[in-house]
Amino acid sequence: TITIAAVPTPHAEILNEVVAPALKDKGYTLEVKEFTDYVQPNTVTEEGEVDANYFQHGPYLEDFNEQNDTHLVSVASVHYEPFGLYSTKYTDVAQIPDGATIAVPNDTTNEARALLLLEQEGLIKLNPDAGVTATINDIVENPKNLQILEAAVVPTVIDDVDAAAVNANYALEGNLMDKQIAVEDPNGLAAQTYANLIVVKEGNENLDKIKALVEVINSDEVRDYINQNYNGAV
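Residues numbered from 1 in each chain as written. Predicted model: local features only at pLDDT ≥ 70, side-chain atom pairs only at ≥ 80, totals over all residues. Heavy atoms only, no water.

**Description of the overall build of the protein chain**
Test applied: Only DSSP runs of H or I with at least four residues qualify as helices, and only runs of E with at least two residues qualify as strands; both kinds are numbered from the N terminus onward. Exposure classes here rest on a 1.4 Å probe applied to the protein chains alone. A residue is buried below 20% of its type maximum, exposed above 50%, and partly exposed in between. It only takes one pair of heavy atoms within 4.5 Å for two residues to be counted as in contact. The Shrake-Rupley method, run with a 1.4 Å probe, gives the accessible areas here. Residue values count only the displayed protein chains as cover. Note on charges: Lys and Arg go in the positive column, Asp and Glu in the negative column, and His and the chain ends are not counted at all. Lysine's charge is taken at NZ, arginine's at CZ, aspartate's at CG and glutamate's at CD.
The number of helices and strands found in the protein chain is eight helices and 12 strands. For the protein chain, the spread of C-alpha atoms along the three principal axes comes to 60 × 35 × 30 Å. Split into buried and exposed, the 234 residues of the protein chain put 51% on the buried side. The long-range fraction of contacts in the protein chain, counting pairs at least 24 apart against all pairs at least 6 apart in sequence, stands at 75%. Of the roughly 10,900 Å² of accessible surface on the protein chain, 43% is carried by carbon and sulfur atoms. Here the protein chain contributes 12 positively and 39 negatively charged side chains, and the mean placements of these two sets differ by 6 Å.

Structure below.
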């Protein structure tokens, strides 16, 4: 048995629909434990309650290890979820007015990602040295005097702001894809940085069952399932 912690969309769906049947053919039973937060999956992996997790990108993993003294490592990058700008009030970035309020995530790594997206769309300019560590303090030009609001769960405030920067898995869960007015450039810094990973506790990288999991999750079948089911959101 291989146990893996994952968030529901798209991670647990991919695991249950494609990875589990393929692993069964290799003699493994995949048990998926679903979580709706970004802390417990790492905690249970560190404590050995599961073999692996699948929900996070590299900068989040590095920050989590540093903040919590955990020993978690990536064994595979699987997919990328484009960060988007969503609005229930406007259909184009150009319509965003002076003084508009933009909601961004309040965790370090995703706040930077949201700010890079706003810069990509010409709404702000960041200190060029900030990169994927950018914070609101790195905004050097804000011609529309945008009010940047940090939110714990951005989709819950989308109706209260002019636009919100949201990760694609939350946008899928919240049925927001038709409200997207901008999306990360797939060839940009973010796409190279924020691939979602299979993560294990250090020392378990070379277990046979982890190698089997990595082989299956990077297969053509998984890629085809993603391309057919998520309309470019994954």
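**Observations regarding unusual backbone geometry**
For the bond from Thr9 to Pro10, the omega torsion is -5°, close enough to zero to count as cis. Considering the arrangement of structural elements, one finds Pro10 in helix α1 (residues 8–25). Of note, Asn145 is a non-glycine position whose phi angle comes to about 50°, a positive value. A positive phi angle, near 55°, is found at Asn175, a position not held by glycine. For Asn175, the location among the structural elements is in the loop between α5 (168–173) and β11 (180–183).

**Describing the side chain of His11**
Assignment of secondary structure puts His11 in helix α1. Classification of His11 as buried rests on a relative accessible area of 0%. If near-sequence neighbours (up to four positions away) are discounted, His11 is found in contact with Ala6, Tyr54, Phe55, His79, Glu81, Asn169 and Asn196.

**A word on the packing of α1 against helix α8 (residues 220–229)**
To be explicit about the condition: To get an axis, a line is fitted to the C-alpha atoms, and for a helix only the part in contact is used. The angle between two axes follows their N-to-C directions and goes from 0 to 180 degrees. Between 65 and 115 degrees an angle is taken as roughly perpendicular, under 35 as roughly parallel, over 145 as roughly antiparallel, and anywhere else as oblique. Should the near helix be turned anticlockwise from the far one by less than a right angle, the crossing is termed left-handed; should it be turned clockwise, right-handed.
Their axes nearest at 10 Å, the elements α1 and α8 cross at an angle of 135°. Viewed along their axes, α1 and α8 adopt a mutual orientation that is oblique. Seen from above, α1 lies across α8 with right-handed handedness. Between α1, through Glu13, Ile14, Glu17, Val18 and Val19, and α8, the contact on the second element is made entirely by Glu221, Val222, Tyr225 and Ile226.

**Thoughts on the packing of aromatic side chains**
Just so we agree on the cut-off: Pairing of aromatic rings covers Phe, Tyr and the six-membered ring of Trp, with a centre-to-centre limit of 6.5 Å; geometry is then stacked below 30 degrees between planes, edge-to-face above 60, and tilted otherwise.
Overall, the coordinates contain six aromatic pairs when judged by the stated rule. Geometrically, the ring pair formed by Tyr38 and Tyr60 is edge-to-face, given 6.0 Å between the ring centres and 75° between the ring planes. With Tyr38 in the loop between β2 (30–34) and α2 (40–46) and Tyr60 in helix α3 (residues 58–68), this residue pair connects regions lying 22 residues apart in the sequence. Note on Tyr60: relative accessible area 12%, which makes it buried. Plain terms: the ring middles of Phe55 and Tyr60 are 6.1 Å apart, the flat faces sit at 75° to each other, and that makes the pair edge-to-face. Chaining the aromatic ring pairs together yields one cluster made of Tyr38, Phe55, Tyr60, Phe64 and Tyr170.

**Some thoughts on a negative patch on the surface**
Stated formally: Patch membership needs two things, relative accessible area over 30% and no salt bridge, and members are linked within 9 Å if like-charged or within 5 Å if nonpolar (Val, Leu, Ile, Met, Phe, Trp, Tyr). The term salt bridge refers to a side-chain nitrogen of Lys or Arg lying within 4 Å of a carboxyl oxygen of Asp or Glu.
A cluster of acidic residues, Glu13, Glu17, Glu34 and Glu173, forms a negative patch on the protein surface. On the basis of relative accessible area, Glu13 is assigned to the partly exposed category, the value being 31%.

**Focus on the sheet that holds strand β1 (residues 2–6)**
Quick note on the threshold: Any two strands are treated as partners once DSSP identifies two or more bridges connecting them.
Pairing is mixed across the open sheet formed by five strands, whose spatial order is β2-β1-β3-β12-β4. Both outer strands of the open sheet, β2 and β4 (72–80), are each paired with one neighbouring strand and no more. With strand direction ignored, the average angle separating the axes of adjacent strands in the sheet is 30°. Pairing geometry for strand β3 (residues 52–57) and strand β12 (residues 195–201), over three bridges, is antiparallel. Of the residues in β12, the one forming a bridge with Asn53 is Val199. Packed onto the sheet, α1 meets β1, β2, β3, β4 and β12 and runs at close to 170° relative to β2. Of the strands in this sheet, β1, β3, β4 and β12 touch helix α7 (residues 208–217), which is tilted by about 15° from β4.

Bear in mind that shape data such as this cannot, by itself, settle questions of function.
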